Amino acid sequence: MISKIIAEDKIVKAKNLIYDAEKVAIVAHLSPDGDAIGASMALYHFLYTIDKEATVIYPDSYPVFLSWMQGINKSLVYDENQAAVEAVFNEVDLIICVDFNEPKRAGSGLAELINNSKQDKILIDHHLNPSTDTWKVAISYPQISSSSELVFRLICRMGHAAEINKFCAECIYTGMMTDTGGFTFNSNNTEVYYIIGELIRKGINKDEIYHRVYNTYTADRMRLMGYLLANKMRVYPEYNAALMVLSIEEQKQFNFQKGDSEGLVNLPLSIEGVIFSVFMKEDTDKIKISLRSQGTFPVNQVASGYFNGGGHLNASGGESYHSLEETIKIFEDILPTYKELLIQA
Ligand code: 5GP
Ligand code: MN
C-alpha cells in the first residue's frame, strides 16, 4: 500500500468528472518531455480502458526518442494541425492538463483554447504555484517527483488499478524515470520503488525502456556532446557553476534535431564541486535556457528572476530575448549575487 497523497475530495471530484465525460482532451506542455508525454499517454490508455474517447494534444512536436510509445502516433500536435485541435476542443466535455501549472505553458494558441473553453478542466501536475482560476480540480503536488506518478496514484485511488495495462504502465514508468534522471535525483521516496514494483508486475521491461529512451542517440548528437564538453563548457570554480552555450550556427554544423540538447545541461554536474549548471540554446526568436542544480540551490528562483521562466528547485527553464552575448553576461553577473548560496549548497 502507498500513502494517500492526493486529497480524497480531489479524487472524488476528478472521478466524477471523468465518469461523466465521453470525450476528453489531454494537454501537455510546450516541448513535451518524458514526464509530460508519459503522464498524458498513460491517461490516454487508461481512459480507453474505461470506454472514454481521449485525444492527446501536444503544443509542439515530441522528441524522436519517445516515438516508440504506444499510441503516441494518434496524438495531435497543435503547431502542425491547429484546425484538428480546435475541432477536438469544440467536441470534448472535459480537459485534463498534465505536467504544467498554468495555461501559458502550453503556448499562446493552446492557452487561449484552454482559457476560452467552457468545459471543466482538471490539472495533474507537480510544479509550484498552479494558476488558481483555471481548474475545477487541481491535483497539484510539487513534492511528488513526476506527474506520471500522480497519474498512477489517481488511477489507483479511483479504484482502477486493474485497468492499468502494460502500455499504460510503460508510459508511467517513462515519466517517473525521465523526471528523476533515471532515479538519480528527487528519488529517495521509498514509494517510488513500490510503484515501480507494481509497474513491473504489469509486464513492463524497465531495462528495455531505459535503453529505448537513453541509448538511441544519433552519431551527430554524440559528436555534438563531445564538441560542447571539449570546446564550449565554461566552468566557474569559485562559484561551483558551469555554463554551456549552443549557437544556431553550431546546431547546423551538427545536423541538430529536436531533442538533441535534452540532458546536456546535466553533464557539468558530474564535475566534482559543480552544483549549478546552465545550458543556453539559441533559437531564431529567443534563447532557451535550462538550469539544473544539486542540493538546495534554487534554480527556479534564478529562472523566474532573470529568465522569464520557472520550474522546480533543481530543474528549471526559461527564455531570454537578448543576444547570446548579453544573455551570457546576465548569467555571469548573477553568480556573485548568489555566491554565498552557491558555495554553501
Ligand atoms: P528543461 O530545462 O528540461 O526545458 O525544463 C526543466 C523544467 O523547467 C521543466 O520541467 C519545467 O518545469 C521548467 N520550465 C522549462 N521552461 C520553462 C519556461 O519557459 N517557463 C517556466 N515557467 N518553466 C519552465
Ligand atoms: Mn514533470
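Residues numbered from 1 in each chain as written. Chains lettered and ligands numbered in written order. Predicted model: local features only at pLDDT ≥ 70, side-chain atom pairs only at ≥ 80, totals over all residues. Heavy atoms only, no water.

Student: Would you take a moment to explain the pattern of salt bridges for this structure?
Tutor: Should their charged atoms come close, side chains of opposite charge can pair. Per the counting criterion, the structure on display carries 15 salt bridges. Salt-bridge contacts for Glu91 lead to Lys23; the nearest nitrogen and oxygen are separated by 3.3 Å. Linking Glu91 in helix α3 (residues 82-91) with Lys23 in strand β1 (residues 23-27), this pair joins segments that are 68 residues apart in sequence. Residue class for Lys23 comes out partly exposed when judged on its relative accessible area of 25%. The shortest N-O distance in the salt bridge between Glu191 and Arg153 comes to 2.8 Å. You can see Glu191 sitting in helix α7 (residues 190-201) and its partner Arg153 sitting in helix α5 (residues 147-157), a full 38 residues away along the chain. The exposure class assigned to Glu191 is buried, which follows from its relative accessible area of 15%. Taking relative accessible area as the criterion, Arg153 reaches 3% and is therefore assigned buried. (Salt bridge = Lys/Arg side-chain N within 4 Å of Asp/Glu carboxyl O. Helix = DSSP H or I, 4+ residues; strand = E, 2+ residues; numbered from the N terminus. Buried < 20%, exposed > 50% of the residue type's maximum accessible area, 1.4 Å probe, protein only.)

Student: Before we go on, may I ask you to explain the coordination of the manganese ion (ligand 2) in this structure?
Tutor: Four donors placed tetrahedrally about a metal ideally form angles of 109.5 degrees, and six donors placed octahedrally ideally form angles of 90 or 180 degrees. Coordination of the manganese ion (ligand 2) by the protein is provided by Asp35 (OD), Asp99 (OD), His126 (NE2) and Asp179 (OD), with metal-donor distances spanning 2.1 to 2.3 Å. Counting residues between consecutive donors of the manganese ion (ligand 2) along the chain gives the motif D-x63-D-x26-H-x52-D. With Asp99 in the loop between β4 (94-98) and α4 (108-116) and His126 in the loop between β5 (120-125) and β6 (137-140), the pair connects residues that are 27 residues apart, well separated along the chain. By the burial criterion, Asp99 is buried, and His126 matches it. (Donors = N, O, S within 2.8 Å, 3.2 Å for Na, K, Ca; no water.)

Student: I'm lost on unusual backbone geometry in this one. Help?
Tutor: The residue Asp99 is not glycine, and still its phi comes out positive at about 70°. On the accessibility criterion, Asp99 (1% relative accessible area) is buried. Positive phi, close to 60°, is recorded for Phe183, a residue that is not glycine. For Phe183, the location among the structural elements is in the loop between α6 (166-178) and α7. Owing to a relative accessible area of 18%, Phe183 belongs among the buried residues under this scheme.

Student: I tried to follow the pairing of β1 on my own but got confused; where do I start?
Tutor: Within a regular strand, the side chains alternate between the two sheet faces. The buried count for β1 comes to 4 of 5 residues, which makes it a mostly enclosed element. The pairing of β1 with strand β2 (residues 53-58) spans 5 bridges and is classified as parallel. What sits directly across from Lys23, in β2, is Glu53. A crossover connection joins β1 to the parallel β2 through helix α2 (residues 34-49); in handedness this β-α-β unit is right-handed. (Pairing = 2+ DSSP bridges. Right-handed = clockwise from strand over helix to strand, strands pointing away.)

Student: What should I look at first to understand the layout of surface pockets in this one?
Tutor: The probe, sized like a water molecule, is rolled over the atoms to show the empty space still left. What the second largest pocket holds in volume is close to 290 Å³. Every residue lining the second largest pocket is counted, 15 residues in all, and those nearest its centre are Met1, Ile2, Phe152, Cys156 and Tyr194. When residues of the lining of the second largest pocket are assigned to their parent elements, the largest contribution, 4 residues, is made by α5. Its residues assigned to classes, the lining of the second largest pocket shows 9 nonpolar, 1 polar and 5 charged. (1 Å grid on protein atoms, 1.4 Å probe; cavity = no way out; pocket = protein on both sides within 12 Å on 5 of 7 lines; lining within 4 Å. Points joined across faces, edges and corners; volume = space filled by probe spheres on them. Nonpolar A, V, L, I, M, F, W, Y, C, P; charged D, E, K, R; others polar.)

Student: Even after reading the chapter, I still don't get the sheet that holds β1, so can you show me in this structure?
Tutor: Across a sheet, paired strands are connected by hydrogen bonds in the backbone, their directions being either parallel or antiparallel. Read from one edge to the other, the open sheet built from 6 strands follows the order β3-β2-β1-β4-β5-β6, with strand pairing classed as parallel. With partners counted over all chains shown, the strands left at the sheet margins are β3 (76-77) and β6, one partner each. By the bridge criterion, 2 bridges tie β2 to β3 in an arrangement that is parallel. Each residue of the ladder has a partner; that of Ile57, found in β3, is Leu76. Helix α1 (residues 8-20) rests against β4, β5 and β6 of the sheet, and its axis sits at about 125° to β6. Packed on one face of the sheet, α2 meets β1, β2, β4 and β5 and runs near 165° to β2. (Contact = heavy atoms within 4.5 Å. Axes fitted to C-alpha atoms, helices over the stretch in contact; angles between N-to-C directions.)

Student: Explain the sheet that holds strand β10 (residues 287-293) here, please?
Tutor: A sheet is described by the order of its strands in space; here 6 strands give the open sequence β7-β8-β9-β10-β12-β11, paired in mixed fashion. Either end of the sheet is taken by a strand with one partner, and the two such strands are β7 (234-236) and β11 (310-311). Where strand β9 (residues 276-282) lies against β10, 7 bridges are found, and the strand directions are antiparallel. Each bridged residue has a counterpart across the sheet, and for Phe279 the counterpart in β10 is Ser290. The strands touched by helix α12 (residues 324-337) are β7, β8 (241-246), β9, β10 and β12 (315-320); relative to β9, the strand with the most contacts, the crossing angle is about 170°.

Student: Would you take a moment to explain the nonpolar core for this structure?
Tutor: One recurring pattern in soluble globular proteins is that nonpolar side chains are buried together. If you look at the biggest cluster of nonpolar residues, it comprises 58 residues, and the most contacted ones within it are Ile26, Met41, Ile96, Ile122, Ile124 and Leu199. If near-sequence neighbours (up to four positions away) are discounted, Ile26 is found in contact with Ser40, Leu43, Tyr44, Leu47, Ala54, Thr55, Val56, Ile57, Ile96 and Val98. Counting residues in each nonpolar core, the second largest holds 24 residues, with Ala241, Ile289, Val299 and Ile328 among its members. (Core = buried A, V, L, I, M, F, W, Y, C linked by side-chain atoms within 4.5 Å.)

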